[in-house]
Amino acid sequence: MGFIWMIIVGLVAGLLARAIKPGSDPMGWIMTIVLGIVGAMLGGFVAGLIGINADGGFIGLIFSVIGAIVLLFIYEMIMTKRRI
């Protein structure tokens, strides 16, 4: 059940991050889920660094979305450099 829950939370966090960040990010469902999962890992790491318990709930989702937004900006910078 944990793996399915991780996919669902990853999808929600990835969709929210893509909705909040302006610009077009052409990626499919799988990349959106991966974005959300890796964003949750990054957000949990940052939350731990500043001393906030983000093990789940609303705070965990907020940090997951923040991590995913940061990853979207990094993805955009990499893809922009690749096109030049």
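Residues numbered from 1 in each chain as written. Predicted model: local features only at pLDDT ≥ 70, side-chain atom pairs only at ≥ 80, totals over all residues. Heavy atoms only, no water.

## Digging into the nonpolar core
Core analysis: the biggest nonpolar cluster contains eight residues, these being Ala13, Ala17, Met27, Leu35, Val65, Ala68, Ile69 and Leu72. Counting only elements with at least two residues in this core, the list comes to helix H1 (2-20) and helix H3 (57-83). For this core, the element with the highest residue contribution is H3, accounting for four residues. (Core = buried A, V, L, I, M, F, W, Y, C linked by side-chain atoms within 4.5 Å. Buried < 20%, exposed > 50% of the residue type's maximum accessible area, 1.4 Å probe, protein only. Helix = DSSP H or I, 4+ residues; strand = E, 2+ residues; numbered from the N terminus.)

## Some words on the side chain of Lys21
Examined against the element boundaries, Lys21 turns out to sit in the loop between H1 and helix H2 (29-49). Classification of Lys21 by relative accessible area gives buried; the value is 4%. Side-chain polar atoms of Lys21 contact the side chain of Glu76, separated by 2.8 Å. Setting aside anything within four residues of it in sequence, one finds Lys21 in contact with Leu72, Phe73 and Glu76. (Polar contact = N/O pair within 3.5 Å; in protein donor to acceptor, adjacent residues only side chain to side chain. Contact = heavy atoms within 4.5 Å.)

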